[in-house]
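The primary structure of each chain is shown beneath.
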Amino acid sequence: MTDQFTRQTQEFFEATKDARIPENVQAMAEDAVEKSRDAFDKVSNATKDNAKAFEQLVNVAADGAKTIGEKVLRNTELNAEAAFDAAQAVARAKTLPEVARLQSSFLQQQMAVAGAQTKELFELSTKVAQQTFETVNAVTTKTFEQVKNAN
């Protein structure tokens, strides 16, 4: 049986040795490969562009979060320093009316500072949100243009 299979295989290879692939089949295969490569290149480039755009979006959001975080931290430091300064002044006070005046003054100052800090933080948050949304809009527009142009 093995000899028969071997002989049939050899006969098959001998018969196909001179067989030719028709030119139209070759042309179709070459065209299919070329179109597949073009489609892959388009998808690959779009994917790379989208990855860059996503990275840009993430960077804008991260930078904004960092800026807000730094502002909150700086405000916390300033408020703590003011509280320690006020506590030190109260500790040095000689009379109860002086303690009451110092505490009242500190509370008034801190209320004004808290209002200003809240306003600054709100404005900063609004600016960061606007930058992030502008980046999202730009990325989305670019992606839709790529999809539109790919078709």
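Procedures and definitions
Residues numbered from 1 in each chain as written. Predicted model: local features only at pLDDT ≥ 70, side-chain atom pairs only at ≥ 80, totals over all residues. Heavy atoms only, no water. Helix = DSSP H or I, 4+ residues; strand = E, 2+ residues; numbered from the N terminus. Rg over C-alpha atoms; globule rule 2.2 N^0.38 Å. Buried < 20%, exposed > 50% of the residue type's maximum accessible area, 1.4 Å probe, protein only. Contact = heavy atoms within 4.5 Å. Areas by Shrake-Rupley, 256 points an atom, 1.4 Å probe, with all protein chains shown as cover. Lys, Arg positive; Asp, Glu negative; His and termini not counted. Charge placed at Lys NZ, Arg CZ, Asp CG, Glu CD. Salt bridge = Lys/Arg side-chain N within 4 Å of Asp/Glu carboxyl O. Expected span 1.5 Å × (residues − 1). Patch = residues over 30% accessible without salt bridge, like charges linked within 9 Å, V, L, I, M, F, W, Y side chains within 5 Å. pLDDT = per-residue confidence, 0-100.

A. Structural context of the overall build of the protein chain. Of regular secondary structure, the protein chain possesses 3 helices and 0 strands. When the helices and strands of the protein chain are read in sequence order from the N terminus, they spell out α-α-α. What you see for the protein chain is a C-alpha radius of gyration of 37 Å, clearly larger than the 15 Å of a compact globule of 151 residues, by over 25%. Within the protein chain, the proportion of its 151 residues that are buried is 12%. Counting contacts in the protein chain only where the partners sit at least 6 residues apart, residues at least 24 apart contribute 77% of the total. In the structure as shown, the protein chain presents an accessible area of about 12400 Å², 60% of it carried by carbon and sulfur atoms. Side-chain charges of the protein chain comprise 18 positive and 22 negative groups, with the mean position of each set lying 9 Å from the other.

B. Layout of the pattern of salt bridges. Enumeration over the complete set of coordinates arrives at 4 salt bridges. One salt bridge connects Lys35 with Asp31, and the closest N-O pair in it is separated by 3.2 Å. Note that Lys35 and Asp31 are positioned in helix H2 (residues 23-92) at a spacing of 4 residues, about one turn of the helix. With a relative accessible area of 37%, Asp31 lands in the partly exposed category.

C. Fine view of H2. Its 70 residues give H2 an end-to-end C-alpha distance of 102 Å, which sits within 8% of 104 Å, the value for a rise of 1.5 Å per residue. Considered for burial, the residues of H2 that qualify are Ser44, Ala53, Leu57, Gly64, Asn75 and Ala86.

D. Quick look at a negative patch on the surface. A contiguous patch of negative charge, built from Glu30, Glu34, Asp38 and Asp41, is present on the exposed surface. The class of Asp38 is partly exposed, set by a relative accessible area of 39%.

E. Region of interest: the confidence of the model for the protein chain. With 97% of its residues at a pLDDT of 70 or more, the protein chain has an overall mean of 89. Looking at the elements of the protein chain, mean pLDDT is at its lowest for helix H1 (residues 2-16), recorded as 79, and at its highest for H2, recorded as 91.

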